Amino acid sequence: MNEPQDPENSTRRLPTVESSPPGGVLEMDQSASGSSYEAAAAPERTAGRAGRFWSGRRIPAALVALIVLGGAGLLLYDVAAVRADHPAMQWRRSVADDLASRHLDDVWVLAGSALAAALGLWLLLLALTPGLRSLLPMSRRHTGVRAGLDRNAAAFVLRDRAVEVAGVQSVRVKMSRRKATVRALSHFRELDDVRADLDAVLSNAIGELGLARPPGLSVHVRRPAKKG
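The structure reproduced in this document is the subject of the present report.

Cut-off values and rules
- Along every chain, residues carry numbers that run from 1 in the direction the sequence is written.
- The predicted origin of the model limits local features to residues at a pLDDT of at least 70 and limits the giving and counting of side-chain atom pairs to 80 or more, whereas totals for whole chains, interfaces and linings rest on all residues.
- Just so you know, side-chain values use all the structure's heavy atoms and leave hydrogens and water out.
- For our purposes a nonpolar core is just a set of buried Ala, Val, Leu, Ile, Met, Phe, Trp, Tyr and Cys residues, chained together by side-chain atoms within 4.5 Å.
- Exposed residues in this analysis have more than 50% of their type's maximum accessible area, buried residues have under 20%, and partly exposed residues fall in between, with area computed by a 1.4 Å probe over protein chains only.
- Numbering goes from the N terminus for both helices and strands, where a helix is a DSSP run of H or I of at least four residues and a strand is a run of E of at least two.
- Residue contacts follow a heavy-atom distance rule, with two residues in contact if any of their heavy atoms lie within 4.5 Å.
- DSSP calls a pair of strands paired once it identifies at least 2 bridges connecting them.
- Each patch is built from residues that are more than 30% exposed by relative accessible area and take part in no salt bridge. Like charges join if they lie within 9 Å; nonpolar side chains (Val, Leu, Ile, Met, Phe, Trp, Tyr) join within 5 Å.
- Note on areas: Shrake-Rupley, 1.4 Å probe, and residue coverage restricted to the protein chains presented here.
- Think of a salt bridge as a Lys or Arg side-chain nitrogen and an Asp or Glu carboxyl oxygen that are within 4 Å of each other.
- Residues counted as positive are Lys and Arg, residues counted as negative are Asp and Glu, and His and the chain ends are not counted.
- Lys charges are placed at NZ, Arg charges at CZ, Asp charges at CG and Glu charges at CD.
- The handedness rule is simple: strands pointing away from the viewer, and a clockwise path from the first strand over the helix to the second, make the crossover right-handed.

1. Focus on the nonpolar core
Leu 158, Val 168, Met 175, Leu 198, Leu 202, Leu 217 and Val 221 are the most contacted members of the largest nonpolar core, which has 24 residues in total. Per-element tally for this core: the top contributor is helix 5 (residues 191–209), with seven residues. Excluding its chain neighbours within four sequence positions, the residues that come into contact with Leu 198 are Ala 162, Val 165, Val 168, Ala 184, Ser 203, Val 219 and Val 221.

Quick look at the structure:
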């Protein structure tokens, strides 16, 4: 007897498709579900909002600092040399003459402007976004303490829980900040039964991860390809 299905989950059983590829018959039975996981009610006492972790951006900051420092130092040296009655550097005279003779619709002027705008937008994007997308913030329970869980580690936990379900042969888990996609192969039992067990086990596992924003859960179960 099959277990009762959860009305909140949309379950779809695709018909068996048979074809004749080289080497045998390929059978595809699939059972899929997409459920929005609702976390259990958090304790009333919390230690603040658990926001995302911000990246230090050390490499971009160091590169920008070196470029600005080198350009400013070279320009300051040339200005000081001109003030001391020395001729300006050849590169500065060439750049000044070139800019004075080129029009605004020149290809090189437009290309340089586009490159400068792209670099500026990239720096603004780095400054305004947290980064560290692979680190999932966990719920805060103590003041001054913040914790995060790597997405790969969370995927490993869900995979280990999924392979314990009866009928599951292999599992692949793709973890993002908003959704956990689980694709399993089942070599026995009804696919709907395996999918229902995976929904229950993985929903409980997501709750045990202690994430501040538990991701949604999408489970796909199918039969392995059979040859012969």
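2. Section: the pairing of strand 8 (residues 179–186)
Across the eight residues of strand 8, six count as buried, placing the element largely inside the fold. Bridge count between strand 7 (residues 168–175) and strand 8: seven bridges; the pairing is antiparallel. Among the inter-strand pairings, Val 168 is bridged to a residue of strand 8, identified as Ser 186. Two successive antiparallel strands, strand 7 and strand 8, enclose a turn made up of three residues. With seven bridges connecting them, strand 8 and strand 9 (residues 216–222) associate as parallel partners. Among the inter-strand pairings, Arg 183 is bridged to a residue of strand 9, identified as His 220.

3. Section: a positive patch on the surface
On the surface, Arg 172, Lys 174, Lys 179, Arg 183 and Arg 222 cluster together to form a positively charged patch. The set of elements that each furnish at least two residues to the positive patch consists of strand 7 and strand 8. By the element assignment, Arg 183 lies in strand 8. Under the relative-accessibility criterion, Arg 183 is labelled partly exposed at 43%.

4. Brief notes about the pairing of strand 9
Within strand 9, five of the seven residues are buried, which leaves it mostly tucked inside the rest of the structure. Once you follow strand 8 into helix 5 and on to strand 9, the crossover reads as right-handed.

5. Section: the pattern of salt bridges
Per the stated rule, a full pass over the model turns up seven salt bridges. Between Arg 102 and Asp 106 there is a salt bridge, with its nearest N and O atoms 2.9 Å apart. Here Asp 199 makes a salt bridge to Arg 195, at a shortest N to O gap of 2.2 Å. Of the two residues, Asp 199 and Arg 195 both sit in helix 5, four residues apart, roughly one turn of that helix. Across this residue pair, the class does not change: Asp 199 and Arg 195 are buried.

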